[in-house]
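What follows is each chain in one-letter form.
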Amino acid sequence: MSSDHALRFCQEDIVVSSPEVAQFGANRPCKVALAGFGTVGQSVARILCSRFAQQFCLTHVFNRRIEQKKTDWVPNHVHWTDRFEHVLNSDADVVLELVGGLDPAGEWVSRALAVGKSVVTANKQLIARRGPELMQLARENGAHLLYGASVAGGIPVLQGLQDGLAGDRILKIRGILNGTCNYILTEMERSQATFSDALEQAQAMGFAEADASDDIDGFDARAKLTILSRTAFGINVAIDQVFARSIREVEQVDLSHAHDLGCTIRQISRAELDGETLYAGVQPALVPEASPLARVSGSQNVVVSTGEFGGETIFSGRGAGGDPTAVAVVSDLLWIARQNGLNAETPSAKTPVKDVSGDFTTAHYVRFRVNDRPGIIASLANIFAKYTINIDAVLQRPGYSKSSLPFVITLEPCSAATMSEAMAEIRQLDFHVHPPLDLPILT
Ligand SMILES: NC(=O)c1ccc[n+]([C@@H]2O[C@H](COP(=O)([O-])OP(=O)(O)OC[C@H]3O[C@@H](n4cnc5c(N)ncnc54)[C@H](OP(=O)(O)O)[C@@H]3O)[C@@H](O)[C@H]2O)c1
């Protein structure tokens, strides 16, 4: 759907609606005002205008120094403003708060909720500090407040805990929630860099801000753990009750000792319920090398939840970045729209699917077990060549009997159908002791 379509939809609707009677739903799209046109805000606007132009109408973009923000890919009907009052006094149904920080963003969120506008935010500090109070305000005014993007960026962990695991009793949450710390610690481990060198590199690569103390000293992860704990345990945890310890003290020698113990060191956020006590904190910790917490590299995030009945569930993916975070914001927006009966199904694929095929193109591994004699590789190579399949490598381990000799040929990518024809011909050869095993190699 083009943005022109969105434009028509909005203009018609402005004529027939007023803020008092406007209830979006089956008959009109949901009107959305965007506050904050930075990394996440711009990604959200792109998704809304390209993928959801039929369901949502972007009415306002609010930002400071708005003249410097204007772009030509935003539909012409959108009002650009540097005054939040314009958003408050508009007929927008939902405000997306993507400015960040406690103030004035907190003030704007509460004013929007107070006039009955629903709010979607990615602001972890605001929700960690004022979430319960703002939720109450939303309820009192018949509005929604959603903040799925505030924890672990694009990973739907809050929705997963709240809806998907609602039937369980969550006992424990462990996670890697800060990409900057994870990048620094994995880099120290990989290249034996010192903490300061790894930090400098993270800053040069754009994985850490010039002042990265919020990340390094655990305050960013603490805000996310506070929100996660509320969601997982249904407990009203205050952010200051959660302790945070810095990763600054970790040295190379600690990583070496950890390695000797079969472990590595990561910034771990954890919360555990034990009777009437909730243990919650963020700190560097040793974790076994085989654990999912150790295997998350760079700026990835992971959350492992343990439930009384369902056991462990792992949520992992991209914990930051404009596009992944924007996906979480738009998903929250879709949820709000569905509550109002708007047909907010995810649009189907651009090209309608006419066929379902198993004919993947991949590299292949073929294991043979043969009664050895000269010329076996040559005859296999001839058949692969006939089907224009390139051999990548031939692998054979010593120590097997010649009468039942295993070896492997790996092949460059080809279609499953071509591979199947070549293998049908190969199976007819008379040197096999067992039929060859053909497996795709997924990269
Ligand atoms: N980026 C991520 O990967 C990520 C991931 C998860 C959650 N989040 C959260 O998403 C929110 C937005 O983050 P972001 O990365 O998009 O930040 P950003 O790139 O700095 O964008 C913030 C936008 O808000 C504007 N702004 C800031 N203060 C303002 C004020 N007082 N009045 C009007 N406009 C103001 C900024 O304008 P200027 O350009 O003029 O500064 C900028 O356009 C934050 O709550 C953040 O914690 C971000």
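Conventions used here
- Residues numbered from 1 in each chain as written.
- Predicted model: local features only at pLDDT ≥ 70, side-chain atom pairs only at ≥ 80, totals over all residues.
- Heavy atoms only, no water.
- Near = heavy atom within 4 Å.
- Polar contact = N/O pair within 3.5 Å; in protein donor to acceptor, adjacent residues only side chain to side chain.
- Areas by Shrake-Rupley, 256 points an atom, 1.4 Å probe, with all protein chains shown as cover.
- Nonpolar A, V, L, I, M, F, W, Y, C, P; charged D, E, K, R; others polar.
- Axes fitted to C-alpha atoms, helices over the stretch in contact; angles between N-to-C directions.
- Helix = DSSP H or I, 4+ residues; strand = E, 2+ residues; numbered from the N terminus.
- Parallel < 35°, antiparallel > 145°, perpendicular 65-115°, else oblique.
- Left-handed = near helix turned anticlockwise from the far one by under 90°.
- Contact = heavy atoms within 4.5 Å.
- Buried < 20%, exposed > 50% of the residue type's maximum accessible area, 1.4 Å probe, protein only.
- Core = buried A, V, L, I, M, F, W, Y, C linked by side-chain atoms within 4.5 Å.
- 1 Å grid on protein atoms, 1.4 Å probe; cavity = no way out; pocket = protein on both sides within 12 Å on 5 of 7 lines; lining within 4 Å.
- Points joined across faces, edges and corners; volume = space filled by probe spheres on them.

Undergrad: Now, about the site of the ligand: what can you tell me, with residues and values included?
TA: Neighbouring the ligand are 21 residues, the closest being Val40, Asn63, Arg64, Lys69 and Gly321. Measuring from an oxygen atom of the ligand, one finds a side-chain N or O atom of Arg64 at 2.8 Å. Between the ligand and Lys124 there is a distance of 3.2 Å, counted from an oxygen atom to a side-chain nitrogen or oxygen. A total of 890 Å² of accessible area belongs to the ligand in isolation, and the protein chains cover 74% of it. A per-class count over the shell around the ligand returns 9 nonpolar, 8 polar and 4 charged.

Undergrad: Account for the packing of helix 4 (residues 105-114) against helix 5 (residues 124-140), naming residues and giving values.
TA: Axis angle and axis distance: for two packed helices, these are the angle between their axes and the distance between the axes, and together they describe the pair. In contact at an axis separation of 10 Å, helix 4 and helix 5 are set at 15 degrees when each is read in the N-to-C sense. Classified by the interaxial angle, the pair formed by helix 4 and helix 5 is roughly parallel. Helix 5 is crossed by helix 4, and the crossing has right-handed handedness. Counted together, Ala105, Gly106, Glu107, Val109, Ser110, Leu113 and Ala114 of helix 4 and Leu126, Arg130, Leu134, Leu137 and Ala138 of helix 5 form the full contact between these two elements. A class-by-class count of the residues in the contact of helix 4 with helix 5 yields 8 nonpolar, 2 polar and 2 charged.

Undergrad: For unusual backbone geometry, give the residues involved together with the corresponding values.
TA: Residue Asp103 is joined to Pro104 through a cis peptide bond whose omega torsion reads 5 degrees. Note that Pro104 resides in the loop between strand 4 (94-97) and helix 4. The backbone of Gln192 sits at a positive phi, close to 55 degrees, despite the residue not being glycine. Within the secondary structure layout, Gln192 lies in the loop between helix 7 (179-191) and helix 8 (195-204). In the Ramachandran plot, Thr388 falls in the positive-phi region, its phi being about 50 degrees despite a non-glycine side chain. Under the relative-accessibility criterion, Thr388 is labelled exposed at 72%.

Undergrad: Could you give an account of the nonpolar core, naming the residues involved and the relevant values?
TA: With 47 residues, the main nonpolar core has Leu113, Leu145, Val157, Leu161 and Leu228 as its most contacted residues. Looking at which element gives the most residues to this core, the answer is helix 10 (residues 219-233), with 7 residues. Sequence-distant contacts of Leu161, defined by excluding residues within four places in its chain, comprise Ala166, Ile170, Ile173, Leu228, Thr231, Ala232, Ser305 and Phe315.

Undergrad: Can you tell me about the layout of surface pockets, naming the residues and giving the values?
TA: The volume enclosed by the largest pocket comes to roughly 1100 Å³. The wall of the largest pocket is formed by 40 residues, among which Lys124, Glu209, Asp220, Ala320 and Gly321 lie closest to the centre. For the lining of the largest pocket, the secondary-structure elements that each account for two or more residues are helix 2 (39-51), helix 5, helix 7, helix 9 (213-216), helix 10, strand 11 (300-307) and helix 12 (322-339). Looking at the lining of the largest pocket residue by residue, the class counts come to 11 nonpolar, 20 polar and 9 charged. Each pocket or cavity is described by its volume, and for the second largest pocket that value is around 390 Å³. Forming the walls of the second largest pocket are 17 residues, and the residues nearest its centre are Leu145, Leu146, Gln162, Asp332 and Trp335. Elements with a contribution of two residues or more to the lining of the second largest pocket: helix 5, strand 6 (145-146), helix 6 (157-164) and helix 12.

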